[in-house]
Amino acid sequence: MDITPLIWIITIAVTIAFFVYEFFAHVRTPHEPTIGESARWSVFYISLALLFGVGIGMFSGWTYGGEYFAGYLTEKALSIDNLFVFLIVMTGFAVPKKYQQKVLMIGIVIALILRGIFIAVGATLIENFSWIFYLFGALLLVLAYRQAFSNHDSNPANGRFMNFVRRHLPVSDEYNGDKLTVVKNGKRFVTPMLLTIIAIGFIDLVFAVDSIPAIYGLTDQAYIVFTANAFALMGLRQLYFLIGGLLERLVYLAQGLAVILAFIGVKLVLHALHVNELPFINGGHGVEWAPEIPIWFSLLFIGATIAVATVASLIKTRRSPASVTAASEHTESTDN
């Protein structure tokens, strides 16, 4: 895939332009988005992402197009898992609804910056050290296990990292609009708004650790990795308000993501064996019996896993009144 520096510059510039427009058009003035507004922009960004994938397929070949779609699906699913944790953080800090857009916007920009750094580092490592696929594969298998048995009920707002921040920063107990700091009796204090942004930034860093190795397991093209991540994050703010109540019903999302991460982890290990250069494995030669999983199978597997996890979750919560009640109570507590 031949991507010139000019294409990179244009892509990054357009991405920045979208987020700048988002801020001035929707986020600058605090308000709670309506369902209609959130739905329209969610459809717009998802359609734009799909059209971009079609463009890659038409101009660069459908192998790359398939890699983009597989990467986009994976990153979108991981981003929705991000939203679940964001919801817990927002509730933990009792962020008023009209200010949540600003927190989400800053959190998403932080996520894109962190992923951009990880993408550049990952591309350099892959280009110079083929054995990094072993490391990425092993990391994803560990993360898949942790994802499957993660406890989403734990509140990052009261985690060790945030307790450390509270001990070292003077914190105000009350919000002062959407300001990040406030002066009281001649002393400057950090507001809960800034604490929320710090918590979400830390969460973004943690999620980038599994996000980037996962997509590099589907493609070795840094351009596809970046654009799939950018499109997955675009519209995430609107999606939060659109499916906020539904997030609590996706009870099998973590398990579905664990299956996807484990699948990509195995795919990476098999690829590492196929291109092996480590002298203590098969004398430094590639292992011929190690199959390369085709991208079309990866795309089908990821799409089917997301679909099964979603349908199974909705069936489970529909049949379980306790789950629906808990979801409703959680949503109400967020609204207040």
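Everything here concerns the structure above.
Quick caveat, the model's predicted, so the values are computed rather than measured. (Residues numbered from 1 in each chain as written. Predicted model: local features only at pLDDT ≥ 70, side-chain atom pairs only at ≥ 80, totals over all residues. Heavy atoms only, no water.)

Caption draft 1: Focus on the pattern of salt bridges. A complete count under the given rule lists two salt bridges for this structure. We note a salt bridge from Glu-22 to Arg-237, for which the minimum N-O separation is 3.0 Å. Of this pair, Glu-22 sits in helix 1 (residues 5-27) while Arg-237 sits in helix 9 (residues 236-242), placing them 215 residues apart in sequence. For the pair formed by Glu-22 and Arg-237, the shared burial category is buried. A salt bridge links Arg-115 to Glu-75; its shortest N-O distance comes to 3.2 Å. Here the residue Arg-115 occupies a position in helix 4 (residues 97-128), and Glu-75 occupies one in helix 3 (residues 62-92), the gap between them amounting to 40 residues. For Arg-115, a relative accessible area of 1% gives the class buried. (Salt bridge = Lys/Arg side-chain N within 4 Å of Asp/Glu carboxyl O. Helix = DSSP H or I, 4+ residues; strand = E, 2+ residues; numbered from the N terminus. Buried < 20%, exposed > 50% of the residue type's maximum accessible area, 1.4 Å probe, protein only.)

Caption draft 2: Focus on the packing of aromatic side chains. Here the structure, examined in full by the defined rule, presents 19 aromatic pairs. Here Phe-263 and Phe-297 contribute two aromatic rings whose centre-to-centre distance is 6.1 Å and whose plane-to-plane angle is 50°, an arrangement assigned as tilted. Remark: Phe-297 occurs in helix 12 (residues 295-319) and Phe-263 occurs in helix 11 (residues 253-274); sequence separation between them is 34 residues. Members of the aromatic cluster, connected to one another through ring pairs, are Trp-8, Phe-52, Tyr-68, Phe-69, Tyr-72, Tyr-223, Phe-226 and Phe-231. (Phe/Tyr/Trp six-rings, centres within 6.5 Å; stacked < 30°, edge-to-face > 60°.)

Caption draft 3: Seen up close, the nonpolar core. Grouped together as the largest cluster of nonpolar side chains are 84 residues, with contacts concentrated most on Tyr-68, Tyr-240 and Ile-264. The contact partners of Ile-264, leaving out residues within four places of it in the chain, are Thr-74, Leu-140, Ala-214, Gly-217 and Leu-218. (Core = buried A, V, L, I, M, F, W, Y, C linked by side-chain atoms within 4.5 Å. Contact = heavy atoms within 4.5 Å.)

Caption draft 4: Quick look at the side chain of Ser-298. Within the secondary structure layout, Ser-298 lies in helix 12. With relative accessibility at 0%, the residue Ser-298 sits in the buried group. Ser-298 has contacts with Leu-218, Phe-263, Lys-267 and Ile-293, leaving out every residue within four places of it along the chain.

Caption draft 5: Representation of the pairing of strand 1 (residues 181-184) within the structure. The pairing of strand 1 with strand 2 (residues 187-190) spans four bridges and is antiparallel. Bridging from a neighbouring strand, Val-183 pairs with Arg-188 of strand 2. Hairpin connection between strand 1 and strand 2: a loop of two residues separates the two successive antiparallel strands, and Asn-185 in this loop has a positive phi of roughly 55°. (Pairing = 2+ DSSP bridges.)

Caption draft 6: Main features of a nonpolar patch on the surface. On the surface, a nonpolar cluster with roughly 440 Å² of combined accessible area is contributed by Ile-12, Ile-16, Val-20, Phe-23 and Phe-24. When you line up the elements, Phe-23 lands in helix 1. Residue class for Phe-23 comes out partly exposed when judged on its relative accessible area of 31%. (Patch = residues over 30% accessible without salt bridge, like charges linked within 9 Å, V, L, I, M, F, W, Y side chains within 5 Å. Areas by Shrake-Rupley, 256 points an atom, 1.4 Å probe, with all protein chains shown as cover.)

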